[in-house]
Amino acid sequence: MKRSLTAVAALGAACMLLPATASARLSEVGGSRAQGRPSCPTNPCLAVSRTTGVQMQGAGGRNPYLVPRNGSIVAFTVSLGKPSTKQVAFFNKNLGGAPSARLTVLRPARRRANNFHFVVKAQSDVMQLTSFLGTTAQFALARSIPVAKNDLLALTVPTWAPVLAVGLGSNTIWRASRPKPCSDNEAFQQTAQQEIGGQTQYACEYKTARMTYSATLISTP
């Protein structure tokens, strides 16, 4: 896939605005290991739809999107499949419009017996993805998002986004902010978390698939 240079200059500017200190570190949360290629335009073309999703386990082990240290998120990146014209038309018609996504910061609703209940702590703006289908696109944030160690980074998809690599091992697991019984019909229902402070249970678990996103973290002393 080609890598889009979208907002790279803005990302550089954001980095320069942070305090100059030897202890600050730049890292990519969720992007340290191969994520796989998004499925589209294969048939079936599988996309994340109308939900907030978070990868709970992957090739690198458990919780690959857990923030490792205090800092600020200054950008997020999505690797996008390239659906055919017919596939795009189907998704646009049935899933609320053109492809879009935003980064979401979650925290557990409670520390013990959490059972995958999460609260929205912060979110980026919604980014429109049509122009970037078939590429890896990085979006610098207009305003960086402060995060704390052990926050969880999720991807919210208000409509649809071809950000799903499939056919991976059974220990590759992501969860969605959907209620049980987790039927195929739920993919068409709007369950995306889009309100700060909103709480829901990520009851639906999906195996052998990886969401292809990551976030750029600049740590603070």
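As shown above, the structure is provided for reference.
Nothing here was measured: the structure is a model prediction, and the numbers come from that model.

Enquirer: What exactly am I supposed to notice about the nonpolar core here?
Expert: Across soluble globular proteins, nonpolar side chains show a tendency to be buried alongside one another. Counting 41 residues, the largest nonpolar core has Ile73, Phe76, Val78 and Leu155 as the members making the most contacts within it. Of the residues forming this core, the biggest block, six residues, is contributed by strand β10 (residues 152-161). Contacts of Val78, omitting those with residues within four sequence positions, involve Leu129, Thr135, Thr136, Ala137, Phe139, Leu155, Val163, Thr212 and Tyr213. Formed by seven residues, the second largest nonpolar core is a distinct cluster that contains Val88, Phe91, Leu95 and Leu133.

Enquirer: Got a minute to help me understand the pairing of strand β7 (residues 117-123) in this structure?
Expert: Successive residues of a regular strand alternate their side chains across the two faces of the sheet. Counting buried positions along β7 gives six out of seven residues, so the element sits mostly inside the fold. As paired elements, strand β6 (residues 100-108) and β7 share five bridges and run antiparallel to each other. Following the sheet pairing, Val105 is matched in β7 by Ala122. Sheet topology note: the β7/strand β13 (residues 199-201) ladder contains three bridges and is antiparallel. Bridged to Phe118 within β13 is Thr200.

Enquirer: Would you take a moment to explain helix α2 (residues 85-94) for this structure?
Expert: For an α-helix, the turn length of 3.6 residues means that residues three or four places apart are oriented alike. Looking at α2, one finds that the buried residues are Gln87, Val88 and Phe91. Down the axis of α2, the buried side of the element spans an arc of 100°, and every buried residue falls inside it. Facing away from the buried surface of α2 by more than 90 degrees, the exposed residues are Thr85, Lys86 and Lys93. On its buried side, α2 packs onto β10. In the segment just after α2, Gly96 is the residue with positive phi, at about 90°.

Enquirer: How should the packing of aromatic side chains be read in this particular structure?
Expert: Both the distance between ring centres and the angle between the ring planes are used here to describe each pair of aromatic rings. Under the criterion given, the structure shown has seven aromatic pairs. Ring geometry for Phe91 versus Trp160: centroids 4.6 Å apart, planes at 35°, classification tilted. With a gap of 69 residues between them, Phe91 in helix α2 and Trp160 in strand β10 connect regions that are remote in the sequence. Each member of the pair, Phe91 together with Trp160, is buried. Joined through ring pairs, the aromatic side chains of Phe76, Phe132 and Phe139 make up one cluster. The aromatic ring of Phe116 is capped on one face by Arg175, whose charged end is 3.6 Å from the ring centroid.

Enquirer: Which parts of the structure should I look at to understand the pairing of strand β16 (residues 213-219)?
Expert: Of all seven residues in β16, seven are buried; the element is thus mostly enclosed. The two faces of β16 match: Tyr213, Ala215, Leu217 and Ser219 on one face and Ser214, Thr216 and Ile218 on the other face are all buried. Alignment of strand β2 (residues 26-29) against β16, held across four bridges, turns out to be antiparallel. Bridge pairing in β16 places Glu28 opposite Thr216.

Enquirer: Looking at this model, I keep getting lost on the side chain of Gln193. Mind explaining?
Expert: Relative to the elements of secondary structure, Gln193 occurs in the loop between β12 (173-176) and β13. With a relative accessible area of 7%, Gln193 lands in the buried category.

About the criteria used
Residues numbered from 1 in each chain as written. Predicted model: local features only at pLDDT ≥ 70, side-chain atom pairs only at ≥ 80, totals over all residues. Heavy atoms only, no water. Core = buried A, V, L, I, M, F, W, Y, C linked by side-chain atoms within 4.5 Å. Buried < 20%, exposed > 50% of the residue type's maximum accessible area, 1.4 Å probe, protein only. Helix = DSSP H or I, 4+ residues; strand = E, 2+ residues; numbered from the N terminus. Contact = heavy atoms within 4.5 Å. Pairing = 2+ DSSP bridges. Arc of directions from axis to C-beta. Phe/Tyr/Trp six-rings, centres within 6.5 Å; stacked < 30°, edge-to-face > 60°. Lys NZ or Arg CZ within 6 Å of the ring centre and 35° of its normal.

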